[in-house]
Amino acid sequence: TQLLEQSPQFLSIQEGENLTVYCNSSSVFSSLQWYRQEPGEGPVLLVTVVTGGEVKKLKRLTFQFGDARKDSSLHITAAQPGDTGLYLCASADSWGKLQFGAGTQVVVTP
Amino acid sequence: EAGVAQSPRYKIIEKRQSVAFWCNPISGHATLYWYQQILGQGPKLLIQFQNNGVVDDSQLPKDRFSAERLKGVDSTLKIQPAKLEDSAVYLCASSLKRGNTGTQYFGPGTRLLVL
């Protein structure tokens, strides 16, 4: 079982600020997914990264996958209240089995 | 396109009682998953179905949990008898195909509180 560590556990920022959350593992990811989960809802897939060094952008969200494929980061530029949620990273094996980290709770206040 | 449906949304029971959750996946999705999400943790896979067959139930506490997916569509997850530590959100997800290229779509979950 691959253990995923996410940091920080909790992040509270003002609207307009930038933030970065991290996901690390002691072993190599075959692929890594980032999800956002809002209160009372299930997680929603944001992105999948597969190649070491890969960078993907989704509007104000930038996802980086480490060269060694053991770490990943999610950077949000000019955060908005709508970005509030629990950000989860998950490793996916070739069968589609997901192993989730504990998540980073992000709160963006107006 | 309708999403993954789950019911009930909330359930409160006393320990040692039984409870059942229902999931209706997205139409045409062959793979169905049940996850347990304890407060402050990420979801943990309990069981994975491919059509009506089980492909992974290694983390399902089989002494008290059971799940079935008759006819390869809807699924039910049952806990009998419930323990205090079963308090969690139970998430159902489905994907069109198995494997890491099949996006999993999650339902809203059933929040269970065991007193």
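Residues numbered from 1 in each chain as written. Chains lettered and ligands numbered in written order. Predicted model: local features only at pLDDT ≥ 70, side-chain atom pairs only at ≥ 80, totals over all residues. Heavy atoms only, no water.

Draft legend 1. Inspection of the interface of chain A and chain B at higher detail. Opposite the 21 residues of chain A that make contact, chain B presents 23 residues. Together, the buried faces of chain A and chain B total about 1,600 Å²; carbon and sulfur atoms form 50% of this surface. Area buried by chain A at its contact with chain B is led by A:Trp95, A:Lys97 and A:Phe100, which between them contribute 30% of it. If you look at where chain A meets chain B, you find one salt bridge. (Contact = heavy atoms within 4.5 Å. Buried area = accessible area lost by both parts, 1.4 Å probe. Salt bridge = Lys/Arg side-chain N within 4 Å of Asp/Glu carboxyl O.)

Draft legend 2. Examining the state of the cysteines more closely. The final tally for this structure, using the stated rule, is two disulfides over all chains. Covalently, A:Cys23 is tied to A:Cys89 through a disulfide, its sulfur atoms 2.0 Å apart. The S-S bond linking A:Cys23 to A:Cys89 shows a torsion near 75 degrees; that makes this disulfide right-handed. Of the two residues, A:Cys23 is situated in strand 3 (residues 19-25) and A:Cys89 in strand 9 (residues 85-92); the sequence distance between them amounts to 66 residues. Comparing A:Cys23 with A:Cys89, the two get one shared label, buried. Residue B:Cys23 pairs covalently with B:Cys92 via a disulfide, S to S 1.9 Å. With the S-S dihedral at roughly -70 degrees, the linkage between B:Cys23 and B:Cys92 falls on the left-handed side. Highlighted residues: B:Cys23 in strand 3 (residues 19-24) and B:Cys92 in strand 9 (residues 88-95), separated in sequence by 69 residues. A single burial state applies to B:Cys23 and to B:Cys92, both of which are buried. (Disulfide = S-S within 2.5 Å. Helix = DSSP H or I, 4+ residues; strand = E, 2+ residues; numbered from the N terminus. Buried < 20%, exposed > 50% of the residue type's maximum accessible area, 1.4 Å probe, protein only.)

Draft legend 3. A look at the pairing of strand 4 (residues 31-37) of chain B. Residue and element names in this part refer to chain B. The buried count for strand 4 comes to seven of seven residues, which makes it a mostly enclosed element. Judged by which residues are buried, strand 4 turns out to be covered on both faces: Thr31, Tyr33, Tyr35 and Gln37 on one side and Leu32, Trp34 and Gln36 on the other are all buried. Two elements, strand 4 and strand 5 (residues 44-50), share six bridges in a ladder whose sense is antiparallel. From the neighbouring strand, leucine 32 faces strand 5, where its bridge partner is phenylalanine 49. As consecutive antiparallel partners, strand 4 and strand 5 are separated by six residues, and within that stretch glycine 40 has a phi angle of approximately 85 degrees, a positive value. (Pairing = 2+ DSSP bridges.)

Draft legend 4. Inspection of the side chain of A:Ser91 at higher detail. Looking at the element boundaries, A:Ser91 is found in strand 9. Apart from residues lying up to four places away in sequence, A:Ser91 is in contact with A:Gln2, A:Leu4, A:Phe29, A:Ser31, A:Leu32, A:Lys97, A:Leu98 and A:Gln99.

Draft legend 5. Representation of the sheet that holds strand 8 (residues 75-79) of chain B. Residues and elements named next belong to chain B. Across the sheet, which stays open at both edges, the four strands sit in the order 1-3-8-7 with antiparallel pairing between neighbours. Since the sheet does not close on itself, it has two edges, and those belong to strand 1 (5-7) and strand 7 (65-68), each with one partner. Between one strand axis and the next, the sheet turns through 15 degrees on average, direction left out of account. Bridge count between strand 3 and strand 8: five bridges; the pairing is antiparallel. Residue pairing in the sheet places cysteine 23 in a bridge with serine 75 of strand 8. (Axes fitted to C-alpha atoms, helices over the stretch in contact; angles between N-to-C directions.)

These results come straight from atomic positions and should not be treated as a statement about function.
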